[in-house]
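# Remarks on the overall topology
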Amino acid sequence: MTHYLIEFRFSGYVKGAIRELKDNISRNYHVNRRKIVPHITLVGPLYTRNEKQLVEEVKNIAKRYDLVKFSIDGFDSFENRVIYVRIRPSEELQKLRLELKERLEKFCELSEHDFDKNFTFHATLVFKDIQRKFDSIWDFLQTWKIPKMDQYVLRIAIIKDYKILAEYDLMQRKILDRSKALDKKTLQKSISKLEKKQETPEIEFEDITEKKKIFVISDTHFDHTNVIRFSDRPFASTRHMNQQLISRWNNTVNNDIVYFLGDMSFGRRRRPIDYWLGKLNGQIYCLRGNHDSDIIQNAPVIHDRYGIKYHDYKFLLMHHPWRPHGYDGWIIHGHTHNTSMKDHPFLHQKNKTVNVSSELIDYTPITLDRIISLIETGRSYKTMNG
């Protein structure tokens with residue numbers, strides 16, 4: 001009999017965040033080299049000789065559902081065998097899984113855990129032969145933060161021998177064959193329909209008004225020789241750049257709070273993030289960028305899309321400038337450097353974005369007070385100086 005799985009496969013921001021974390025674990029600890037799409041298994045592995053009936057039954061169950069919600073909530077493990085992203089299911093998701101299990105068990109051979117009354121919804125990060133490395137990987141994970149996020153089941157995938165056989169699309173209300181399931185335009189149509197239906201997510205904002213002076217900065221890229229040419233940085237060498245970045249930071253920041261928005265260092269011979277944190281003034285909070293794969297112990301780590309409230313302003317702190325669905329407030333981000341100034345200048349009034357990549361703020365942390373004063377001019381700025 002053929003091997004099948006019934007899954008929900010992540011897309012968009014969450015898919016990227018989980019995949020990036022999985023890749024970093026694989027790279028740092030030499031485990032799970034095989035690329036697996038981030039997903040939640042609903043039923044399976046299962047075995048059946050009646051593939052046609054399997055597809056039909058999944059369709060008949062799934063078509064009775066519309067918005068099936070769940071949330072992502074940190075990390076957990078099955079003893080020292082599997083480490084996973086914890087999933088908090090809604091009643092709808094629990095009911096959907098149970099209906100799938102009860103209908104499919106009539107003609108399929110299911111797995112033992114499918115019958116577990118305390119079924120654990122999860123998205124696996126790492127498994128198989130990790131016992132000796134478990135403690136190290138777990139410590140590494142404690143310095144990563146995934147934001148608590150509400151998600152919705154967009155499609156239910158039927159997987160055959162690790163490839164999509166078909167997917168039922170809850171938004172388009174139909175079964176998609178493999179070709180349609182992998183088509184990007186079809187996926188975007190489904191996402192657009194979901195965005196019109198789903199609730200606007202609630203975002204928590206930490207009130208930091210009463211704290212000390214607050215600075216933000218992103219993308220220092222210590223040790224990264226090529227960034228001097230790539231971003232036209234005014235430094236004669238990597239050593240000169242490193243010295244200037246430290247000097248400008250420490251001449252500006254004393255015992256103040258700094259939110260660092262990712263990509264501290266980069267390159268083959270780069271020194272770790274903790275090395276540079278040890279040379280910089282201030283109480284630093286680190287948000288990981290796409291190049292920040294180290295364990296971070298010399299500063300608290302905050303999650304991407306971290307909300308702060310400062311006086312009458314709310315800001316989402318992010319590395320990439322990817323606006324969350326339903327959020328129309330101000331974003332402070334990095335990542336784009338000075339390479340797309342039309343779309344991502346220092347201050348874009350219409351888009352409500354502030355790009356604090358180092359190149360746009362004179363390679364020096366900038367205060368929230370300065371940012372707010374520039375916002376209140378009503379003008380947009382290519383760099384903080386104009």
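Cut-off values and rules
Residues numbered from 1 in each chain as written. Predicted model: local features only at pLDDT ≥ 70, side-chain atom pairs only at ≥ 80, totals over all residues. Heavy atoms only, no water. Helix = DSSP H or I, 4+ residues; strand = E, 2+ residues; numbered from the N terminus. Rg over C-alpha atoms; globule rule 2.2 N^0.38 Å. Buried < 20%, exposed > 50% of the residue type's maximum accessible area, 1.4 Å probe, protein only. Contact = heavy atoms within 4.5 Å. Areas by Shrake-Rupley, 256 points an atom, 1.4 Å probe, with all protein chains shown as cover. Lys, Arg positive; Asp, Glu negative; His and termini not counted. Charge placed at Lys NZ, Arg CZ, Asp CG, Glu CD. Pairing = 2+ DSSP bridges. Axes fitted to C-alpha atoms, helices over the stretch in contact; angles between N-to-C directions. Parallel < 35°, antiparallel > 145°, perpendicular 65-115°, else oblique. Left-handed = near helix turned anticlockwise from the far one by under 90°.

Across its full length, the protein carries 10 helices and 20 strands. Taking 2.2 N^0.38 as the reference for a compact globule, 386 residues should give roughly 21 Å; the C-alpha atoms of the protein span a radius of gyration of 23 Å, in line with that estimate. Principal-axis analysis of the C-alpha atoms places the extent of the protein at approximately 70 × 50 × 40 Å. When each of the 386 residues of the protein is scored for burial, the buried share is 52%. Residue pairs in contact within the protein that sit at least 24 positions apart in sequence constitute 67% of those at least 6 positions apart. Of the roughly 19,200 Å² that the protein leaves accessible, carbon and sulfur atoms contribute 45%. Counting 64 positive and 51 negative side-chain charges, the protein places the averaged centre of each group 5 Å from the other.

Taken in spatial order, the four strands line up as 5-4-3-6 in an open sheet, and their pairing is antiparallel. Only two strands of the sheet have a single partner each, and these edge strands are strand 5 (122–127) and strand 6 (149–152). For this sheet, the mean angle separating the axes of adjacent strands, direction not counted, is 35°. In the sheet, strand 3 (residues 69–78) pairs with strand 6 via four bridges, with the strands oriented antiparallel. Pairing of F70 across the sheet is with Q151, part of strand 6. Its contacts with the sheet place helix 1 (residues 12–29) against strand 3, strand 4 (82–89), strand 5 and strand 6, and it is angled at close to 20° to strand 5.

A separate point is the packing of helix 1 against helix 4 (residues 134–141). Two elements in contact, helix 1 and helix 4, have axes whose closest approach is 11 Å; the angle formed by their N-to-C orientations is 140°. When the axes of helix 1 and helix 4 are compared, the pair comes out oblique. By crossing handedness, the relation of helix 1 to helix 4 is classed as right-handed. From helix 1, L21, N24, I25, N28 and Y29 reach across to helix 4, where they touch S136, I137, F140 and L141.

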